[in-house]
Amino acid sequence: MSKVVNIGGVLIGGDNPIRVQSMCSTKTSDVNATVAQIKELEDCGCEIIRVAVPDIESAKALAEIKKQINIPLIADIHFDHKLGILSIPHIDKLRINPGTMHKDGLKELVNAAKEKGIPIRVGINAASMEKDLVGSTVDKMIKSVEQNIKLLEELEFFDIVVALKSSDVIETIEAYKTFVDKYDYPIHLGLTEAGGGVEGAIRSSVAMGILLNEGIGDTIRISLTGDPVKEVEAAYEILNALHLREKPSPTIISCPTCARCSVDLDKIVSQVKEKIKHVKKPIKIAIMGCEVNGPGESKGADLGLAFSNSKGFIFKDGTVIKEVSLDSAVDIFVGLVVQW
Ligand code: SF4
């Protein structure tokens, strides 16, 4: 079992739930935009947030950002340890790639983190490893993480979280598996540069799903190009599918439709989704194209809506409880979901 690390009061590792995190896509120096995005992420269940700190303006913005948010804040620092030193008073964790920093600077930064009592994530990225490493990409990732951990351990720093990210699914799986055989530092799971939309979500799901199902991973960030809210939604879908975390919002099951379907189910599902987007309950709902197989195909749902010719049938635990007209079906069903 992995060690437990405290990120601003949110525990990761050991028996703790797998924490969902994301990263802001705003300019960190733009306090208003960054806080607005973090609030939106908090609202959909994000538990830890990371921001990039590429310059002094970004480091200076952290104090105000931290004041206005409710979840732990991580600063992502590369190359310049001074940006890390400036950030530390206002953050709950640092993410660095120690190999990219000068040894003296790293020592100063690690000592400052130790004094504040915040953890450091060693984030290995297959695209930015030390140039002198040899072997396969996975060999290099493992060598790099070992070197980096050694640097921190030599400075008597053990409050470490590790990530080993590649944009290749198989490499990422292999790297994490090799690492957990040797170390018990908590694992930050992620596939880097996964892409966007369906491609990114599927590639991340395959990599994360295989690792999580083997008990590997303590916190998860799904990297997707675009709105980070999608990253949080994708992370919960993966964890929910594996019965590792309950989604903080409704789970919608809908059928693919077939010749038995007599309504525009895609449109109905979109309407329901839109109308329940404010609902923060782990209810499972099913929206099915016909009444013949609908209730049976969605037995696991709390509430269901199925259609037959020009009528809708609302069912609970597989039994019809209400017959509704097509026009009123969405509103009546949404009302029941909200009340549930
Ligand atoms: S629920 Fe009915 S409409 Fe939907 S796929 Fe099954 S049989 Fe077809």
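Values in this document were obtained by computation on a predicted structure and should not be read as measured data. (Residues numbered from 1 in each chain as written. Predicted model: local features only at pLDDT ≥ 70, side-chain atom pairs only at ≥ 80, totals over all residues.)

Draft legend 1. Representation of the sheet that holds strand 6 (residues 93-96) within the structure. Spatial strand order, 8-7-6-5-4-3-10-9: 8 strands in an open sheet with parallel pairing. Here the strands that pair on one side only, and so sit at the sheet edges, are strand 8 (160-165) and strand 9 (188-189). Across 2 bridges, the pairing between strand 9 and strand 10 (residues 219-220) is parallel. Looking across to strand 10, one finds that His188 is bridged to Thr219. (Pairing = 2+ DSSP bridges. Helix = DSSP H or I, 4+ residues; strand = E, 2+ residues; numbered from the N terminus.)

Draft legend 2. Up close: the pairing of strand 4 (residues 48-52). Among the 5 residues that make up strand 4, 4 are buried, leaving the element largely enclosed by the rest of the structure. Pairing of strand 3 (residues 19-23) with strand 4, which is carried by 3 bridges, proceeds in the parallel orientation. Across the sheet, Met23 pairs through a bridge with Arg50, a residue of strand 4. Where the polypeptide runs from strand 3 across helix 1 (residues 31-43) and back to strand 4, its parallel neighbour, the crossover connection is right-handed. In this structure, strand 4 lies alongside strand 5 (residues 73-76), joined through 4 bridges in parallel fashion. Paired with Ala52 across the bridge in strand 5 is Asp76. For the crossover from strand 4 across helix 2 (residues 56-68) to strand 5, the handedness is right-handed. (Buried ≥ 20, exposed ≤ 12 C-beta atoms within 10 Å, placed from the backbone. Right-handed = clockwise from strand over helix to strand, strands pointing away.)

Draft legend 3. Representation of the environment of Ile202 in the model. Residue placement: Ile202 occurs in helix 7 (residues 197-213). With 14 C-beta atoms packed within 10 Å, Ile202 lands in the partly exposed category. When the C-alpha positions of Ile202 and Ile238 are compared, they lie 10.0 Å apart, and in sequence the two are 36 residues distant.

Draft legend 4. How the structure looks around the sheet that holds strand 15 (residues 319-325). Reading across from one edge, 11-12-13-14-15 is the order of the 5 strands in this open sheet, with mixed pairing throughout. Each having just a single partner strand, strand 11 (251-254) and strand 15 make up the two edges of the open sheet. With direction set aside, neighbouring strand axes in the sheet form an average angle of 20 degrees. Relative to strand 15, strand 14 (residues 311-316) is paired through 6 bridges, and the arrangement is antiparallel. Residue pairing in the sheet places Phe313 in a bridge with Glu323 of strand 15. Contacts between helix 11 (residues 326-339) and the sheet are confined to strand 12 (284-288), strand 13 (303-308), strand 14 and strand 15, with strand 15 contributing the most and set at about 135 degrees to the helix. (Axes fitted to C-alpha atoms, helices over the stretch in contact; angles between N-to-C directions. Contact = placed C-beta atoms within 7 Å.)

It is worth stressing that arrangement in space is one thing and function is another; only the former is reported here.
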